[in-house]
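# Examining the three-dimensional arrangement
One letter stands for each residue in the lines below.
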Amino acid sequence: MIRVLSPGGRIAVMTSYGREHPLVRSALGLAAGTLGVRMYDRETLPDAFAAAGLIEVGQQIRGVTQFVNARKP
């Protein structure tokens, strides 16, 4: 998605969030594994966007979901 993004274009992704508490994270991971869902941590997507050269990386976390957005310079 980032490769085909126009300069100045924005990307937005909504995905899972595995929570910070180890017990909650473990339970969510187990449940997600049986359903074939991957639980992402807080840093994975923002770090990937920044490493790809995107700017204005933002993140909102709501329960077990996260919304991450950024802009291509």
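Described in the following lines is the structure provided in the data block.

The next thing to look at is the overall build of the chain. From N to C terminus, the chain includes 2 helices and 3 strands. The helix and strand sequence of the chain, counted from the amino end, reads β-α-α-β-β. Every one of the 73 residues in the chain was classed for burial, and the buried ones make up 25%. Expressed as a percentage of contacts within the chain between residues at least 6 apart in sequence, the contacts between residues at least 24 apart total 52%.

Quick look at the nonpolar core now. Ranked by size, the top nonpolar core spans 8 residues in total: Leu5, Ile11, Val13, Leu45, Phe49, Leu54, Val68 and Ala70. Counting residues per element, the ones that place at least two in this core are strand S1 (10-16), helix H2 (44-51) and strand S3 (65-71). Once residues lying within four places of it in the same chain are set aside, the contact partners of isoleucine 11 are Met1, Ile2, Leu5, Phe49, Leu54, Val68, Asn69 and Ala70.

So, how was this worked out
Residues numbered from 1 in each chain as written. Predicted model: local features only at pLDDT ≥ 70, side-chain atom pairs only at ≥ 80, totals over all residues. Heavy atoms only, no water. Helix = DSSP H or I, 4+ residues; strand = E, 2+ residues; numbered from the N terminus. Buried < 20%, exposed > 50% of the residue type's maximum accessible area, 1.4 Å probe, protein only. Contact = heavy atoms within 4.5 Å. Core = buried A, V, L, I, M, F, W, Y, C linked by side-chain atoms within 4.5 Å.

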